[in-house]
Amino acid sequence: MALQRAARGKVDVVVETRIEPALARIAAGEPIDLILCDVMMPDGGAAELLDQLSIKLPDAAQRVTMSTDYSGDLKLEGLERSRGRPLLHKPFEFADFLSLLESGEKSADQENRR
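Residues numbered from 1 in each chain as written. Predicted model: local features only at pLDDT ≥ 70, side-chain atom pairs only at ≥ 80, totals over all residues. Heavy atoms only, no water.

(A) Region of interest: the nonpolar core. In this structure, Ile35, Leu49, Leu53, Val64 and Met66 are the most contacted members of the largest nonpolar core, which totals 16 residues. When contributions to this core are tallied by element, the ones reaching two or more residues are helix H2 (19-27), strand S1 (35-38), helix H3 (46-56), helix H4 (58-61) and strand S2 (64-68). For this core, the leading source of residues is H3, giving four residues. Dropping the residues within four chain positions of it, valine 64 is found in contact with Ile35, Leu50, Leu53, Arg85 and Pro86. Core analysis: the second largest hydrophobic core is formed by six residues, Leu88, Phe94, Leu100 and Leu101 among them. (Core = buried A, V, L, I, M, F, W, Y, C linked by side-chain atoms within 4.5 Å. Buried < 20%, exposed > 50% of the residue type's maximum accessible area, 1.4 Å probe, protein only. Helix = DSSP H or I, 4+ residues; strand = E, 2+ residues; numbered from the N terminus. Contact = heavy atoms within 4.5 Å.)

(B) Molecular detail of the layout of surface pockets. Space inside the largest pocket adds up to approximately 990 Å³. Lining the largest pocket are 35 residues, and of these Val13, Val14, Val15, Leu34 and Leu36 sit closest to its centre. For the lining of the largest pocket, the elements supplying multiple residues, two or more each, are helix H1 (2-7), H2, S1 and helix H6 (94-113). (1 Å grid on protein atoms, 1.4 Å probe; cavity = no way out; pocket = protein on both sides within 12 Å on 5 of 7 lines; lining within 4 Å. Points joined across faces, edges and corners; volume = space filled by probe spheres on them.)

Here's what the structure looks like:
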């Protein structure tokens, strides 16, 4: 994937293309700073992942950023508002990804101080 290539040597990127393996990896307790999930996936997408994480692993649900290459869709805007998670439109620059990662790390640091 393009993101893996761009991230090489900077950050670790792990790719899962289906929700169940992604949930298993998250539940295994690997340290995860950001979960970037496409709105549309073969077995659901970001909404399905967020639903399951909200029940099983609510802390991980706060690390989800949704992504899509659709634009101008009111349903997507509604999804973003209803889930309270950011939406990153593709194509995006690697700097945009790093910015999301850094903001997630800052949020996690603030939570750990409480």
